[in-house]
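Observations on the three-dimensional arrangement
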Amino acid sequence: MGSEGSSVVVPRNFRLLEELERGEKGIGDGTVSYGMDDADDIFMQSWTGTVIGPSNTVHEGRIYQLKLFCGKDYPDNPPTVRFQTRINMTCVNQETGVVEPSLFPMLANWQREYTMEDILTQLKKDMMSPQNRKLTQPPEGNEEGRIDQKGLVLKCCIL
């Protein structure tokens, strides 16, 4: 019935609802997860991701929190991805935690079929790569001094 080579373009909100449903069900071995940051965000732009560091690397047992922002042009263009947890990886800006698209091929060569799950899974794989698996990491719990995207220093202190 359908012509060969034709494809249906799923609207943005339907796509994001599919991703939300998949994220809520849990992914694979449970070392990668994601969900909406704000249930009241009707544009479904702000997401939170978690990656548990892979075994036999300096990342083993660490829990990394990320923010993903899906602009109005997602999935035609990739989301912005930022580690909230400090991490030393070749594709991550050490000051801001932003995953630099020019240093992370999945974002640089974005395809509409890619998902947030794909990004998190690929980041986990990159943690196991020779250039990242043994890099010295910041001490755990060292989120103090992280610069947010507006250039403000985020600090927390307990008095």
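Above this text you will find the structure in question.
For the structure given in this document, a descriptive report is provided here. Everything numeric here is computed off the predicted structure, so don't read it as measured data.

Another point: the overall build of the chain. Looking only at helices and strands, the chain has three helices and six strands in total. Start at the N end of the chain and walk to the C end: the helices and strands fall as α-β-β-β-β-α-α-β-β. Considering only contacts within the chain whose residues lie at least 6 apart along the sequence, 52% involve residues at least 24 apart. In the structure as shown, the chain presents an accessible area of about 9500 Å², 54% of it carried by carbon and sulfur atoms.

In this section: the sheet that holds strand E1 (residues 32-36). Spatially, E1-E2-E3-E4 is the arrangement adopted by the four strands of the open sheet, whose pairing is antiparallel. Of all the strands in the sheet, just E1 and strand E4 (80-83) have a single pairing partner and so form its edges. Averaged over all pairs of adjacent strands, the angle between strand axes in this sheet comes to 20 degrees, irrespective of strand direction. Looking at chain direction, strand E3 (residues 63-69) and E4 are connected through four bridges and run antiparallel. Its bridge partner lying in E4, Phe69 is registered against Thr80. With respect to the sheet, helix H1 (residues 12-25) is in contact with E1 and strand E2 (46-52), its orientation differing from that of E1 by roughly 130 degrees.

What counts and what doesn't
Note that residues are indexed from 1 along each chain, following the sequence as it is written. Local features in this predicted model are restricted to residues whose pLDDT is 70 or higher, and side-chain atom pairs enter the listing and the counts only when it is 80 or higher, whereas totals over whole chains, interfaces and linings include all residues. To obtain the side-chain values, all non-hydrogen atoms of the structure were used and water was disregarded. Going along the chain from the N terminus, every DSSP run of H or I of four or more residues is numbered as a helix, and every run of E of two or more is numbered as a strand. The criterion used for residue contact is that any of the two residues' heavy atoms lie within 4.5 Å. Per-residue and other accessible areas follow the Shrake-Rupley method at a 1.4 Å probe size, with only the shown protein chains counted as cover for residues. At least two DSSP bridges between two strands are needed for those strands to be called paired. Every axis corresponds to a line fitted to the C-alpha atoms, with the helix fit spanning only the stretch in contact, and the corresponding angles, defined between N-to-C directions, vary from 0 to 180 degrees.

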